Amino acid sequence: MRHVVNNAAPQRTILLFAPHPDDETLGCGGYVAQRIDAGDRVIIVVLTMGEKLFSHCLQIYSDPSPEQIRDMRREESQRATAILGVAATDVVFWEYADLSIADNAVEITARIAALLREFKAVEVLCTGPDEEHPDHRAACSVVQRACAQAAPGIALRWYITALRAGLTIDRLPLTVHPIDITKQLARKAQAVAQFRAHLDIVSKQQAAPIVADFKQYLTGQEILLA
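The structure presented is a predicted model; accordingly, all values stated were derived computationally and were not measured.

**Side note on the packing of aromatic side chains**
So, point 1. All chains considered together, the criterion is met by 1 aromatic pair.
So, point 2. One Lys or Arg, arginine 74, reaches over the ring of phenylalanine 93 and ends 4.8 Å from the middle of that ring.
So, point 3. Lying across the ring of tryptophan 94, arginine 111 places its NZ or CZ 4.1 Å from the centre.

**What to know about helix α4 (residues 105-119)**
So, point 1. Spanning 15 residues, α4 covers 21 Å between terminal C-alpha atoms, matching the ideal 21 Å at 1.5 Å per step.
So, point 2. If you check which residues of α4 are buried, you get Ala105, Ile108, Thr109, Ile112, Ala113, Leu115 and Leu116. Take α4 and look down its axis: the buried residues cluster within an arc of 160°, on one side only. Residues of α4 that are exposed and angled more than 90 degrees away from the buried face: Val106 and Glu118.
So, point 3. On the buried face of α4, the contacting elements are β1 (13-18), β2 (41-48), β3 (91-96), β4 (123-127) and α5 (134-150).
So, point 4. At the exit of α4 stands lysine 120, carrying a positive phi of roughly 50°.

**Focus on the nonpolar core**
So, point 1. Formed by 33 residues in total, the largest nonpolar core has its most connected members in Phe17, Ile112, Leu116, Val124 and Val143.
So, point 2. Elements with a contribution of two residues or more to this core: β1, β2, β3, α4, β4, α5, β5 (155-159) and β7 (221-225).
So, point 3. When residues in this core are grouped by element, the largest group, 7 residues, is from α5.
So, point 4. In this structure, isoleucine 112 is in contact with Phe17, Trp94, Val142, Val143 and Ala146, ignoring residues within four places of it in sequence.

**Quick look at the environment of alanine 155**
So, point 1. By secondary structure assignment, the location of alanine 155 is in strand β5.
So, point 2. On the basis of relative accessibility, which here comes to 38%, the residue alanine 155 falls in the partly exposed class.
So, point 3. With sequence-adjacent residues up to four places away left out, alanine 155 is seen in contact with Val122, Glu123 and Val124.

**Focus on the confidence of the model for the chain**
So, point 1. Averaged over the chain, the pLDDT score is 94; the fraction of residues at 70 or greater is 96%.
So, point 2. Counting interchain partners and residues more than four positions distant, the pLDDT-below-50 stretch residues 1-7 has 0 contacts.

**A short note on the sheet that holds β3**
Within a beta sheet, neighbouring strands are joined by backbone hydrogen bonds and run either parallel or antiparallel to one another.
So, point 1. Strand order in the open sheet formed by 7 strands is β3-β2-β1-β4-β5-β7-β6, and the pairing between neighbours is mixed. The open sheet has two edge strands with one neighbour each: β3 and β6 (176-180). The average undirected angle you get between the axes of adjacent strands in this sheet is 25°.
So, point 2. Alignment of β4 against β5, held across 5 bridges, turns out to be parallel. Bridge pairing in β5 places threonine 127 opposite tyrosine 159.
So, point 3. Seen against the sheet, helix α1 (residues 23-37) touches β1, β2, β4, β5, β6 and β7 and runs at an angle of roughly 100° to β7.

**Some points on the environment of serine 62**
So, point 1. Here serine 62 lies in the loop between α2 (53-58) and α3 (66-84).
So, point 2. The class for serine 62 is partly exposed, based on a relative accessible area of 45%.
So, point 3. Along the backbone, serine 62 and serine 203 are 141 residues apart, and their C-alpha atoms lie at a distance of 8.7 Å.

**Points about the pattern of salt bridges**
Close approach of charged atoms lets side chains of opposite charge pair.
So, point 1. Enumeration over the complete set of coordinates arrives at 11 salt bridges.
So, point 2. The shortest N-O distance in the salt bridge between glutamate 123 and arginine 157 comes to 2.9 Å. Residue glutamate 123 is found in strand β4, and its partner arginine 157 is found in strand β5; the two are separated by 34 residues along the sequence.
So, point 3. Beyond isolated ion pairs, a larger network of salt bridges with shared partners links Arg12, Arg35 and Asp40.

**Quick look at the side chain of glutamate 222**
So, point 1. Mapped onto the elements of the fold, glutamate 222 is located in strand β7.
So, point 2. For glutamate 222, a relative accessible area of 4% puts it in the buried group.
So, point 3. A distance of 3.3 Å separates the side chain of glutamate 222 from the backbone nitrogen of glycine 29, its partner in a polar contact.
So, point 4. A distance of 2.7 Å separates the side chain of glutamate 222 from the side chain of lysine 188, its partner in a polar contact.
So, point 5. The residues touching glutamate 222, leaving out its near neighbours within four places in the chain, are Gly27, Cys28, Gly29, Gly30, Tyr31, His177, Pro178, Ile179, Ile181 and Lys188.

Rules and cut-offs
Residues numbered from 1 in each chain as written. Predicted model: local features only at pLDDT ≥ 70, side-chain atom pairs only at ≥ 80, totals over all residues. Heavy atoms only, no water. Phe/Tyr/Trp six-rings, centres within 6.5 Å; stacked < 30°, edge-to-face > 60°. Lys NZ or Arg CZ within 6 Å of the ring centre and 35° of its normal. Helix = DSSP H or I, 4+ residues; strand = E, 2+ residues; numbered from the N terminus. Expected span 1.5 Å × (residues − 1). Buried < 20%, exposed > 50% of the residue type's maximum accessible area, 1.4 Å probe, protein only. Arc of directions from axis to C-beta. Contact = heavy atoms within 4.5 Å. Core = buried A, V, L, I, M, F, W, Y, C linked by side-chain atoms within 4.5 Å. pLDDT = per-residue confidence, 0-100. Pairing = 2+ DSSP bridges. Axes fitted to C-alpha atoms, helices over the stretch in contact; angles between N-to-C directions. Salt bridge = Lys/Arg side-chain N within 4 Å of Asp/Glu carboxyl O. Polar contact = N/O pair within 3.5 Å; in protein donor to acceptor, adjacent residues only side chain to side chain.

Structure (structure tokens):
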């Protein structure tokens, strides 16, 4: 009887938490694609729907409405993560209100801890403690607490979208892990291009897009902090 030996490494699971649709792609989309290329499974949990993008940034409350922005951003994130190689069933939207992570910290912490126990992830990714957006800092806090409860010692790393004013990477009291994403850069660029809510004029009340471009996220290197 001939025995077949399977030398393939077992699939590992990585859990990534995004405060809003797009954070996962902007902050570490190249790393996500890289891990999927290596055979890992990446599960992305989007905590809020980012529906206040226009009302908070531009004081535009209708045309588009927050509900329209919610739907637009969900679809953008779905398209972007599909380009990175993430299975559609591995992108989950928890639909908390924008700017409400801190208010729902106990519930979100418990849900994250349950996921950690269910999937036995080997690595957890989230925005870090020195991010500019309050939802990003709150996400960091709940993820850190959930890991302490359910998976102490797990590899927990922070990705960067935008640091608070005056901060630079070299001034952070954290270990810096540069990730070369050159081979995944074209795919990340295509994914980032899906975020038309930021890049286009989508309201008659707009004079310009929210951002001119996302070039700062397309350098061929991503930084993870630990």
